[in-house]
Amino acid sequence: MNQQATTTRKTFSRKTSVQTSIAADPVIVWALLTHAAEYPRWNSTVISIQGEIKAGATIELKSTLDAKRTFKLKVKEFVPEKRLVWGDAQGSRVYSLEKSGSGTQFSMSERIGGPLFPLFAGMIPSFDESFDRFTADLKKEAETIQRSKK
Amino acid sequence: MTSDDLSSQFPTYQHQLKSFLLRLTASAQDAEDIVQETYLKAQAKIDSFRGESSLKTWVFSIASNLAKDLLRSQKRWPESVTDICKEEALGDRKFFQEAIHIRQTSPQGNFEIREHIAFCFTCISKSLPLEGHLVILLKEIYDFKVKEIAQILQLSEAMVKYHLHVSRNKMMDIFDQRCSLINKQGICHQCTELNGIFNPKQKAQEELVKIEMAREAENRSRDELFDLRMRILQELDPFESGAAKLQLHHLEHNRQVMKKYLSESD
C-alpha cells in the first residue's frame, strides 16, 4: 500500500508518517538505509550523513529541510532488516521494514515533541513533502537494484 | 572430488584467478602468493567440498577469503590515486628510466592505450569499499553469476546486487568526471600523455579510434560505455599481454606511492 505522508498534531508533539510497498528484498532496502555515505546518491532529501549507521553510533545529518543545520543524531535501535531508529532529545525517526512476499512493506515516522514544543512548533517546517520524496527515492532505488542483471 | 581432480582442474583457471587477485590487490607478488596459498588450502580442504557450487567457484571463494584477510588491514585508495601517483612519478627519474628500459628491451614492454585503460580501472577501483570491489570484479570482469558471487563471498544475492549497483554507479561517476576518453571535459589524459612518451611516432587519435569505448563515447549511454570499459579488462590478461611488464612496473610504482601516501595520512 502506498500512502502520502500525513501529520498529526497535538499540543506537545507532532508525528509525521508514511508507508509504501517496495518490490525489493528487505536486504536491499536495509542496505540503502544503513550505508550512510551513499544517501546523497539516491536520496534527494539528504545532503550528507557523516558517521556509520550502527547500534549506538552517532551520525551527523544534513537535510534539504534545513541545509545550514547539522543534526547530531544517535542510532537508538538497529535491528537488521526490521527496524532502525535514530534521533535526539527532541524526537526520533523510526524506519520499519516487513517482508511481504518477495518485497518489503516500508514505513517511516518521526515524532518530535516535549514540554517546550509549543514554543518552537511554528519554526519547524512540515515534513510531509520530504517524507514523500524520501520514500519515493527509496522505492525507486531499491526496485532498480532488485531488477538489476543476474 | 579428489585431490587429483583438483590438481588437474586448478591450472585451467589459475591464470584467471591470478589476474583477479592482481586487480584486487594491485600487487603481483600478493597475487602470486595468494594463488599458491589457495591451492594448498584447497588441497587441504578438498574433502569438505560437497559440490554445492562448481569447483571454480569454491576455489575463488578460498582465494577471496585469503585476499580479504590481507586487505582488511589496508586502507582503501583515494579516487584521485592516478593524480597523486602521476605527481610522484614526474619527480621520480628512476621510475621513468626503468620504464623506458622495459619499453626498449622487453617483449612485454609495449605501451597500449587499452592496456592503460585496464590499469587505470585497477587503480581507481581500489577506492571502492572492499566488498563492492570484489563484487564488481567477479561480476563484470570474471563473469560470475550473482548466485555464484553470493556463494564466493557468503552474501545474500540481494546484497550482491546492492554492492554491484553501488560500485558500478560509483565507478561510472568517477570515469564520467575524469576520463577524457569518454568526456571531453574529463580531467585525466594520462593514457594519451603516456602514449606520447612511449610511442612518440604514434598518433594517439589513430589509436583511440581502434577502441570502441573511445570511438563511441558520444553515442552510447554511460552504462554502455562502462560495459565497453569492462570488455577491455575481460579481454586482457594483465600477466600475459604484450604490455604486461610495463603495466606491472607502473602498478608496482603506484602501489608503493599509495603505501607511503596512506601511511603519511594516518
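Cut-offs used in this document
Residues numbered from 1 in each chain as written. Chains lettered and ligands numbered in written order. Predicted model: local features only at pLDDT ≥ 70, side-chain atom pairs only at ≥ 80, totals over all residues. Pairing = 2+ DSSP bridges. Helix = DSSP H or I, 4+ residues; strand = E, 2+ residues; numbered from the N terminus. Axes fitted to C-alpha atoms, helices over the stretch in contact; angles between N-to-C directions. Domains from an automatic or database assignment. Contact = placed C-beta atoms within 7 Å. Expected span 1.5 Å × (residues − 1). Buried ≥ 20, exposed ≤ 12 C-beta atoms within 10 Å, placed from the backbone. Nonpolar A, V, L, I, M, F, W, Y, C, P; charged D, E, K, R; others polar. Core = buried A, V, L, I, M, F, W, Y, C linked by C-beta atoms within 7 Å.

This part takes up the sheet that holds strand β2 (residues 13–22) of chain A. Residues and elements named next belong to chain A. Overall, antiparallel pairing links the eight strands, which are arranged β1-β2-β8-β7-β6-β5-β4-β3 in an open sheet. In this open sheet, the two edge strands, each paired with only one partner strand, are β1 (6–10) and β3 (46–50). Each strand axis lies, on average, 20° off the axis of its neighbour in the sheet, ignoring direction. In this sheet, strand β8 (residues 103–113) lies alongside β2 in antiparallel orientation, the contact comprising ten bridges.

Many authors give the size of an interface as the accessible area that is lost as the parts come together. Residues and elements named next belong to chain B. You can read the domains of chain B as domain 1 (1–74) and domain 2 (76–264). Once you take the C-alpha centre of each, domain 1 and domain 2 turn out to be 23 Å apart. Taken residue by residue, the interface counts 19 residues in domain 1 and 19 residues in domain 2. For the side of domain 1 that touches domain 2, the elements supplying multiple residues, two or more each, are α1 (3–25) and α3 (55–71). When residues in the side of domain 1 that touches domain 2 are grouped by element, the largest group, eight residues, is from α1.

Attention now goes to helix α14 (residues 244–264) of chain B. Each turn of an α-helix holds 3.6 residues, which means side chains three or four residues apart point in the same direction. Residue and element names in this part refer to chain B. Look at α14: 30 Å from first C-alpha to last across 21 residues, which is about the 30 Å you get at 1.5 Å a residue. Among all positions in α14, only A244, L246, Q247, H250, L251, N254, R255, V257 and M258 are buried. Check the buried side of α14 and you find it contacts α4 (81–90), α5 (93–105) and α6 (113–124).

A few words now on unusual backbone geometry. Residues and elements named next belong to chain B. One non-glycine residue, A26, adopts positive backbone phi at about 60°. Topologically, A26 is positioned in the loop between α1 and α2 (28–45). Phi at Q154 takes a positive value of approximately 50°, unusual for a residue other than glycine. Along the chain, Q154 turns up in the loop between α8 (146–153) and α9 (157–178). A count of 10 C-beta atoms within 10 Å places Q154 in the exposed class.

A few words on the interface of chain B and chain A. In this assembly, eleven residues from chain B lie in contact with ten residues from chain A. Of the residues forming the side of chain B that touches chain A, the biggest block, eight residues, is contributed by α9(B). A per-class count over the side of chain B that touches chain A returns six nonpolar, three polar and two charged.

Formed by 96 residues in total, the largest nonpolar core has its most connected members in A:I28, A:V29, B:L21 and B:I149. Counting contributing residues per domain, this core is built from domain 1 (1–74) and domain 2 (76–264) of chain B, each supplying no fewer than three.

What follows deals with the environment of B:V166. Inspection of the secondary structure puts B:V166 in helix α9. Taking the C-alpha atoms as reference points, B:V166 and B:Q234, separated by 68 residues in sequence, lie 20 Å from one another. Beyond its immediate sequence surroundings of up to four residues, B:V166 is in contact with A:E38 and B:G132.

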